[in-house]
Structures are given as structure tokens and as C-alpha cells.
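Architecture at a glance
If you want the building blocks of each chain, they are given just below.
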Amino acid sequence: MKPSTGDPQAVPATVRARVPVTLSRVRDRSAELITFHHLPDPGEHFAIVVPVGPQETEAPLVRLHSECLTGDVLGSARCDCGPQLDEALSHIGDHGGAVLYLRQEGRGIGLYNKLDTYVLQSQDYDTFAANRMIGRGDDERDYTAAAAMLHVLGLTRIRLLTNNPDKVRELRAHGIEITGVVPTGVHLTSENARYLSAKAELGGHTLALLQEVAA
């Protein structure tokens, strides 16, 4: 994990645009795609926001989702990113809240580097060892921009949908009150079993892994 790049509350981040859309992956509900000016890093991060209904009494549900082109768009079975995104969109469709889509492909190392690590993973190296073998960190993501986005959106008291304790720690350090942590499902396949095991055993993710690999 990279060190934080600044105090998001001191950064003059603002909303650039709010674009209303109807999204089939959000239960055909109307949502806003929100872009930003002056975030702490140059990534074109955006938020998908669904209004919280009057019947909801808990803090809004928020998911920080790091971009994964191979999983989110192409449906790769080598990770659980696509199913996690679908799960998060389904939850905010039901309850309202936000998914922050963060342009941090490959835990921050970029798409080409991530595909290079896939070659090493095919040679039986785990996802973290593969990163180190190409000279990158285990996890180079930073959530300062995410915290800035939440401050701009007024989402400073939230429930966080995650299995990653780093996200909880960083957001709290940047002034976000997390009233509850909602775990994501375990989207286990025969192809991603070792990847998920590495996230749990080496990355500290709170995954209750199944004992048998899905057929």
C-alpha cells in the first residue's frame, strides 16, 4: 500500500458533473454518475450514486471498487472482481448508496503489468509474489481520493461493503465514520481459488473461504 498523499479534507475537490442514467445492473433504477475536479491523484475516478429511500434507517452503503477490466468487463474467472462489482451494484439498487469506481487496475500497478503477473501466476506464483517479481508492491492502492470523493458527496457516515481492512483503516484516518463493515460474498471458482486464498492468508482480507473448490 502506498502512503497517503494528503488530507482529502484540505484538497479543493469539487463535483465536475452529475449524469443521470438508468442502469440495468442497478435493478433498472435511476442513478447518477458523478465525476470530480481536483482529486488528490490524476485518476478519472467516478461515483455511481443511488438515492437512499426514506425507509432506510442505517447509514448509506458504500463500496470502493478498484477497476478490473479483465474481471469487470470481460468476465475473467481468475479473480472475483466482476462478481463483487455486480454484488455491490445489486446492493445499492436495493438500498441506495454509492459505488466509487477507482481507476486502480491491478491493485495499482496498471493493466499491462497485471497481465504480466498473470504469466507468473500461471507458473505457480501467488498474486503478491508475482507483483514483487516485476518490481512492484503487493498493493499500491491509496484511498485518499476515495475519501475526498466521499467528503464532496457528503457521505461521511457510511457502512462499507468490503473484506479489505486497509480500506476501513484509510477511510477512518481521513475522517470517514464507518458505522459497520458489510462483508462481500466469497465468489469462489476453480480458477480463482488460489487468488482468493492469497488475499485471505497474505493480504489480510477477511474471507471465509469455502473448504472445497467450486466445480
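Located above this text is the structure these notes cover.
The numbering scheme is per chain: residues are counted from 1 as the chain's sequence reads. Local features in this predicted model are restricted to residues whose pLDDT is 70 or higher, and side-chain atom pairs enter the listing and the counts only when it is 80 or higher, whereas totals over whole chains, interfaces and linings include all residues. Side-chain numbers here rest on the full set of heavy atoms in the structure, without hydrogens or water.

**Regarding the overall build of the chain**
Each helix is a run of H or I in the DSSP string that is no shorter than four residues. Each strand is a run of E no shorter than two, and both are numbered from the N terminus. A count of helices and strands for the chain gives eight helices and seven strands. Scored against the burial criterion, the 215 residues of the chain give a buried share of 46%. Once local pairs closer than 6 in sequence are excluded, the contacts in the chain between residues at least 24 apart make up 63%. Here, Shrake-Rupley sampling with a 1.4 Å probe gives the accessible areas, and only protein chains in the shown set may cover a residue. In the structure as shown, the chain presents an accessible area of about 10400 Å², 52% of it carried by carbon and sulfur atoms. Three exposure classes are used, based on accessible area relative to the maximum for each residue type with a 1.4 Å probe and protein chains only: buried under 20%, partly exposed in between, and exposed over 50%. Any two residues whose heavy atoms approach within 4.5 Å are treated as being in contact.

**Here we look at helix H7 (residues 165–173)**
Those residues of H7 that sit buried are Asp166, Lys167, Val168, Glu170 and Leu171. Considering only its buried residues, H7 is in contact with strand E4 (61–66), helix H6 (144–153), strand E6 (157–161) and strand E7 (177–182). Measuring from the backbone nitrogen of Asp166 back to the side-chain oxygen at the start of H7 gives 2.9 Å, which picks out Asn164 as the cap. Once H7 ends, the next one or two residues include Gly175, with phi positive near 85 degrees. A 3.5 Å cut-off defines polar contacts: any pair of N or O atoms within that distance qualifies, except that in protein one atom must be a possible hydrogen donor and the other a possible acceptor, and neighbouring residues in sequence count only when both atoms are side-chain atoms.

**Points about the sheet that holds E6**
Sheet strands pair by backbone hydrogen bonding; their relative direction is either parallel or antiparallel. Across the sheet, which stays open at both edges, the seven strands sit in the order E1-E2-E3-E5-E4-E6-E7 with mixed pairing between neighbours. Each end of this open sheet is capped by a strand with a single partner; those strands are strand E1 (14–23) and E7. Looking at each pair of strands side by side, their axes are set apart by 25 degrees on average, direction ignored. Any two strands with at least two DSSP bridges between them are considered paired. Bridge count between E6 and E7: five bridges; the pairing is parallel. Looking across to E7, one finds that Arg157 is bridged to Glu177. For helices, the fitted axis covers only the stretch in contact; all axes are lines through C-alpha atoms, and the angles between them, taken along N-to-C directions, range from 0 to 180 degrees. Against the sheet, H6 contacts E1, strand E2 (29–37), strand E3 (46–50), E4, strand E5 (97–102) and E6, and its axis sits at roughly 145 degrees relative to E5.

**Focus: the pairing of E6**
Burial of E6 is extensive: four of the five residues sit out of reach of the surface. With two bridges connecting them, E4 and E6 associate as parallel partners. Among the inter-strand pairings, Val62 is bridged to a residue of E6, identified as Leu160. A crossover links E6 with its parallel partner E7, the connecting element being H7, and its sense is right-handed. Crossovers are marked right-handed if the path from the first strand over the helix to the second runs clockwise, as seen with the strands pointing away from the viewer.

**Some remarks on the environment of Gln121**
Topologically, Gln121 is positioned in helix H4 (residues 111–121). Along the chain, Gln121 and Asn131 lie 10 residues apart, while their C-alpha atoms are 9.6 Å from each other. Setting aside residues no more than four positions away along its own chain, Gln121 makes contact with Arg78, Asp126, Thr127 and Ala130.

On their own, these measurements won't tell you what the molecule is for.
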